[in-house]
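Analysis of the macromolecular model
Below, each chain spelled out in residue letters.
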Amino acid sequence: MKKYFLATFILFTIILAACGNSSNSSEGEASGSSTTTLKLNFVGSNSDPTYPLWEEFAEELEERSEGTLEVEIYPSESLGNTTDMIESISKGATVLQDSDPSHLSDYVDDFSIFMHPYLFQEPEDIETAWKSDVGQRMSDELEEKGIKIVTAVYFGKRHLLSDVEVVTQDDTQGMKIRNAPTTMWNEVSKTLGGNPTNTAWSETYSALSQGVADAAESPLSLLYSSKLYETKDRISLTGHLVATTTIVMSTDVYDSLPPEAQKAIDEVGQELPEKRVEDIEEIEVEYRQKLEDEGIEFNEIEPESFIEASEHVSDAFPEWTDGLYEDMKKAIE
């Protein structure tokens, strides 16, 4: 009940904020068209290396919408946390939210497949999966819950930070690996061979420093920006997740927009996955160098034992559609 009232309060606040922009909308109506303001609630800060990429995304939406859209970016989840904002979106909030697909599994169970370790091997697999028959079936089910996926893009490969040179799964036995407190993230740590240690991301630095956790996994840019390299001295290039970021919006809001705005959202969203791969790969090269400059050592792994362990992840998700893992594997082959 508390969650319901919080989501309702957030939605009411957003509606009031939208009313504050009524002069812009009225001005547009006087010239024969209206402008809708979409608020992009960005999880990262404005110093995040991907922030300029989302600024470009916002600018392109505005430009292609022929004046029917205005996009404002709110960094550091300043509109509210991701879970609450997605709930508000499902009720009609004029918000764009970036989120990993695990949040979407709260509405359509199958979306957690996008976080399955070692399922996606290359960044391009994300676009293939999203646009496949399996991905579109899931997206259609999500739209029935009031949430539309605008785009699904590559966020970076996730690797393991620790004090140990990890080459096979045997090297992580007994290692306490920090992860978020969800079933899939626990399965990620188990696939890596360690013991899942549930810790909020904001507490990861202290957990590693104090020995609560022995290791943490993340894209290189986050391992750097969070300064976790100060606590451990090695990154094993496990590449266990080719990570996805989605942008979602309200289905009702999308349906209410003029054709110019809908076309802009569709075209920009569909084109973005291919563009984003090169951008993120450049960031990964840059941040590997930054980490090396801070004294971090890198090593390659032998992936076979990790991949074999990942093949049992589906057992933890009896709620998935039968054959989901096999169907998605076929879709991206």
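Read on for an overview of the structure. In this text the structure is predicted, and so the values were computed from the model without any measurement.

Moving on to the side chain of serine 65. Relative to the elements of secondary structure, serine 65 occurs in the loop between helix H3 (51–64) and strand E2 (69–74). Here glutamate 62 takes part through its backbone oxygen, which lies 2.8 Å from a polar atom of the side chain of serine 65. For serine 65, the residues in contact, after removing those within four places along its chain, are Glu260, Ala261 and Ala264.

The side chains of a regular strand alternate between the sheet's two faces. Both strand E1 (residues 36–41) and E2 contribute to a ladder of 6 bridges, which runs parallel. Note on E2: the bridge partner recorded for asparagine 41 is tyrosine 74.

Formed by 64 residues in total, the largest nonpolar core has its most connected members in Phe111, Ile113, Phe114, Phe120, Met138, Ile235 and Met328. Looking at this core element by element, the count peaks at 6 residues for strand E4 (residues 147–162). The residues contacting phenylalanine 111, other than those within four sequence positions of it, are Pro101, Leu104, Ser105, Met138, Ser139, Leu142 and Ile149. Ranked by size, the runner-up nonpolar core spans 23 residues in total, among them Phe42, Trp54, Leu69 and Ile265.

All right, on to the pattern of salt bridges then. A complete count under the given rule lists 16 salt bridges for this structure. The shortest N-O distance in the salt bridge between lysine 131 and glutamate 127 comes to 2.7 Å. With lysine 131 and glutamate 127 both in helix H5 (residues 124–131), this residue pair falls 4 residues apart, about one helical turn. On the accessibility criterion, lysine 131 (33% relative accessible area) is partly exposed.

All right, on to a negative patch on the surface then. Together, Glu122, Glu124, Glu274, Glu278, Glu281 and Glu282 make up a negatively charged patch on the protein surface. Residue contributions to the negative patch peak at 4 residues, all from helix H11 (residues 259–293). Position of glutamate 281 among the secondary structure elements: in helix H11. Given the relative accessible area of 36%, glutamate 281 is considered partly exposed.

All right, on to the packing of H5 against helix H13 (residues 324–332) then. Any two packed helices are characterised by how steeply their axes cross, that is the angle between the axes, and by the distance between the axes. Viewed as axis vectors pointing N to C, H5 and H13 meet at an angle of 115°, and their least axial separation amounts to 9 Å. Both H5 and H13 take part in a crossing whose hand is right-handed. Facing Asp125, Thr128 and Ala129 of H5, the residues of H13 in contact are Met328, Ala331 and Ile332. Here the residues of the contact of H5 with H13 sort into 4 nonpolar, 1 polar and 1 charged.

The geometry of an aromatic ring pair is captured by two quantities: the separation of the ring centres and the angle between the planes. Enumeration over the complete set of coordinates arrives at 8 aromatic pairs. A ring pair is formed by phenylalanine 42 and tyrosine 51, whose centres lie 5.8 Å apart and whose planes are at 55°; its orientation type is tilted. Taken as a pair, phenylalanine 42 and tyrosine 51 share a single burial class, namely buried. Each ring, one from phenylalanine 111 and one from phenylalanine 114, has its centre 6.0 Å from the other, and the planes form 25°; the classification is stacked. Both residues of the pair, phenylalanine 111 and phenylalanine 114, belong to the buried class. Within the aromatic cluster, the residues linked to one another by ring pairs are Phe111, Phe114 and Phe120. Geometry around tryptophan 54 places arginine 276 over its ring, the cationic atom sitting 4.2 Å from the centre.

The next point concerns the environment of tryptophan 185. By the secondary structure assignment, tryptophan 185 is in helix H7 (residues 183–192). Classification of tryptophan 185 by relative accessible area gives buried; the value is 8%. Excluding its chain neighbours within four sequence positions, the residues that come into contact with tryptophan 185 are Ser102, Met115, Arg158, Asn179, Ala180, Glu217 and Leu241.

Rules and cut-offs
- Residues numbered from 1 in each chain as written.
- Predicted model: local features only at pLDDT ≥ 70, side-chain atom pairs only at ≥ 80, totals over all residues.
- Heavy atoms only, no water.
- Helix = DSSP H or I, 4+ residues; strand = E, 2+ residues; numbered from the N terminus.
- Polar contact = N/O pair within 3.5 Å; in protein donor to acceptor, adjacent residues only side chain to side chain.
- Contact = heavy atoms within 4.5 Å.
- Pairing = 2+ DSSP bridges.
- Core = buried A, V, L, I, M, F, W, Y, C linked by side-chain atoms within 4.5 Å.
- Buried < 20%, exposed > 50% of the residue type's maximum accessible area, 1.4 Å probe, protein only.
- Salt bridge = Lys/Arg side-chain N within 4 Å of Asp/Glu carboxyl O.
- Patch = residues over 30% accessible without salt bridge, like charges linked within 9 Å, V, L, I, M, F, W, Y side chains within 5 Å.
- Areas by Shrake-Rupley, 256 points an atom, 1.4 Å probe, with all protein chains shown as cover.
- Lys, Arg positive; Asp, Glu negative; His and termini not counted.
- Charge placed at Lys NZ, Arg CZ, Asp CG, Glu CD.
- Axes fitted to C-alpha atoms, helices over the stretch in contact; angles between N-to-C directions.
- Left-handed = near helix turned anticlockwise from the far one by under 90°.
- Nonpolar A, V, L, I, M, F, W, Y, C, P; charged D, E, K, R; others polar.
- Phe/Tyr/Trp six-rings, centres within 6.5 Å; stacked < 30°, edge-to-face > 60°.
- Lys NZ or Arg CZ within 6 Å of the ring centre and 35° of its normal.

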